[in-house]
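# Chains, contacts and geometry: an overview
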Amino acid sequence: MVRVRLLSWHNDPSFVARSARVSGVGKVKCEKCKGAGRINGEICKDCNGEGKREPTDKEIVEMIVLNDYSSALEHIVMSFEITELSKGNACEFLEHRIASHTGRSTRYHKEIGFGFVIPPKIRKIMEKYGIKDYTEIDKASGEDKEILRLFFDEMLKSREVYERLVEIIGKENARYVLPFAAHTAYIWTINMRSLINFLGLRLCVRASPEMQEFAKKVYKEVYKVFPEILEHVWCRGFNLGACPENEVRDSPQAKDCPFKNPNSKLFIPTKKQVFRGIGAKFDFDEFRKLREKILSEV
Ligand SMILES: Cc1cc2nc3c(=O)[nH]c(=O)nc-3n(C[C@H](O)[C@H](O)[C@H](O)COP(=O)(O)OP(=O)(O)OC[C@H]3O[C@@H](n4cnc5c(N)ncnc54)[C@H](O)[C@@H]3O)c2cc1C
Ligand SMILES: [Zn+2]
């Protein structure tokens, strides 16, 4: 399955705070005097009697993410190495236009013995029987065995066909028989604002499983270096405090949405529910636990 490695990044949250300060940021209440400016009649030294103080870099970054004043986040730019992404889902990846992509070329590379993505349902069957690869298909039985046979026979056959065609018509023509599952690779450069948009769309349980896995791996890599920025970032419903998927959140595709149960501690209403006066019930510590669990599984 898809692999993600953060190769490099440019700028950090202090630069984001610095650029926000150029634009201008409001002061926050002084904790020492609780905004009064005086303590027992004396002028508060922390705020010079103003009752307000300059926000810290961390506070500015949090405000930018929560209030969606996101243009300052464009100053953080990251480059990733993406490998083992399926050719098929590369189209979904490329739909995120506000980024730079350099893809592995099937005109210049011979994809002899290409690797391929094993779809989640097939992986599950393999796990059920403790099957490591196609040489062990006989461990499965009944329909499970048939599914594995159909999938792996097709993959191995397309490798054979591709390799023979490369010999006789060359790689540029032979590549048309490469399957949806065949691995491809990218170098991807994206700024933090666009990355948050990507995560918002692709961490949603309605995104395809491979794209969800991809987004979780991206999140995990970026969280290591920018935890203060990603702290308040997840799927779009989470980021907006209201899920824009509305009724499709009740579709089978969204059956695993962790935010849709009104009786849980992680309830985020849909936008339409908000308009009917239904509010969120949200326990951030519960969310942190959920996030840790999800990220530990990828
Ligand atoms: C669950 C799911 C299902 C999907 N189903 C389909 C589908 O069936 N068919 C399909 O074609 N796609 C589908 N998509 C892809 C989706 O429509 C977007 O193309 C993709 O998610 C990229 O998002 P984006 O445009 O926000 O990102 P980017 O292209 O990175 O753009 C970022 C932001 O820039 C702005 N922007 C970018 N380009 C323009 C523009 N030309 N004009 C105005 N503003 C712009 C927008 O605010 C946009 O949100 C699906 C995505 C998801 C998550
Ligand atoms: Zn004070």
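In short, a report on the structure. (Residues numbered from 1 in each chain as written. Chains lettered and ligands numbered in written order. Predicted model: local features only at pLDDT ≥ 70, side-chain atom pairs only at ≥ 80, totals over all residues. Heavy atoms only, no water.)

Turning next to the sheet that holds strand β6 (residues 77-86). Overall, antiparallel pairing links the four strands, which are arranged β1-β6-β8-β7 in an open sheet. With partners counted over all chains shown, the strands left at the sheet margins are β1 (3-10) and β7 (100-103), one partner each. Adjacent strand axes in the sheet meet at a mean angle of 20° when their direction is disregarded. Bridging between β1 and β6 involves seven bridges; their strand directions are antiparallel. Across the sheet, the residue bridging to V4 is I82, located in β6. (Pairing = 2+ DSSP bridges. Helix = DSSP H or I, 4+ residues; strand = E, 2+ residues; numbered from the N terminus. Axes fitted to C-alpha atoms, helices over the stretch in contact; angles between N-to-C directions.)

Here we take up the nonpolar core. In this structure, F80 and F214 are the most contacted members of the largest nonpolar core, which totals 52 residues. In terms of residues, this core owes the most to one element, helix α8 (residues 209-225), which gives six residues. If sequence neighbours within four positions are ignored, F80 has contacts with V4, R5, L6, L7, Y186, I187, W188, I190, L195, V218 and V222. In terms of nonpolar packing, the next biggest core, distinct from the first, is built from 13 residues, I125, M126, I137 and A140 among them. (Core = buried A, V, L, I, M, F, W, Y, C linked by side-chain atoms within 4.5 Å. Buried < 20%, exposed > 50% of the residue type's maximum accessible area, 1.4 Å probe, protein only. Contact = heavy atoms within 4.5 Å.)

Both the distance between ring centres and the angle between the ring planes are used here to describe each pair of aromatic rings. Applying the stated criterion across every chain, the model contains 25 aromatic pairs. Centre to centre, the rings of F259 and F282 are 6.2 Å apart; their planes meet at 40°, and the pair counts as tilted. Separated by 23 residues along the polypeptide, F259 in the loop between α10 (236-240) and β9 (266-267) and F282 in strand β10 (residues 281-282) bring together distant segments of the chain. Assessed through its relative accessible area of 3%, F259 is described here as buried. (Phe/Tyr/Trp six-rings, centres within 6.5 Å; stacked < 30°, edge-to-face > 60°.)

Looking now at the layout of surface pockets. Taken as a whole, the largest pocket encloses approximately 1200 Å³ of empty space. Along its surface, the largest pocket is lined by 40 residues, and V205, P209, Q212, K216 and D256 are the ones closest to its centre. Elements with a contribution of two residues or more to the lining of the largest pocket: α4 (120-129), α8, α10 and α12 (284-296). Here the residues of the lining of the largest pocket are counted per class, giving 21 nonpolar, four polar and 15 charged. The two domains that each donate at least three residues to the lining of the largest pocket are domain 1 (117-177) and domain 2 (234-298). By volume, the second largest pocket is sized at about 470 Å³. (1 Å grid on protein atoms, 1.4 Å probe; cavity = no way out; pocket = protein on both sides within 12 Å on 5 of 7 lines; lining within 4 Å. Points joined across faces, edges and corners; volume = space filled by probe spheres on them. Nonpolar A, V, L, I, M, F, W, Y, C, P; charged D, E, K, R; others polar. Domains from an automatic or database assignment.)

The next subject is α8. Its 17 residues give α8 an end-to-end C-alpha distance of 25 Å, which sits within 8% of 24 Å, the value for a rise of 1.5 Å per residue. The buried fraction of α8 is high, at 12 of 17 residues. Among all positions of α8, only E210, M211, Q212, E213, F214, A215, K216, K217, V218, Y219, E221 and V222 are buried. (Expected span 1.5 Å × (residues − 1).)

In short, geometric facts, not functional conclusions.
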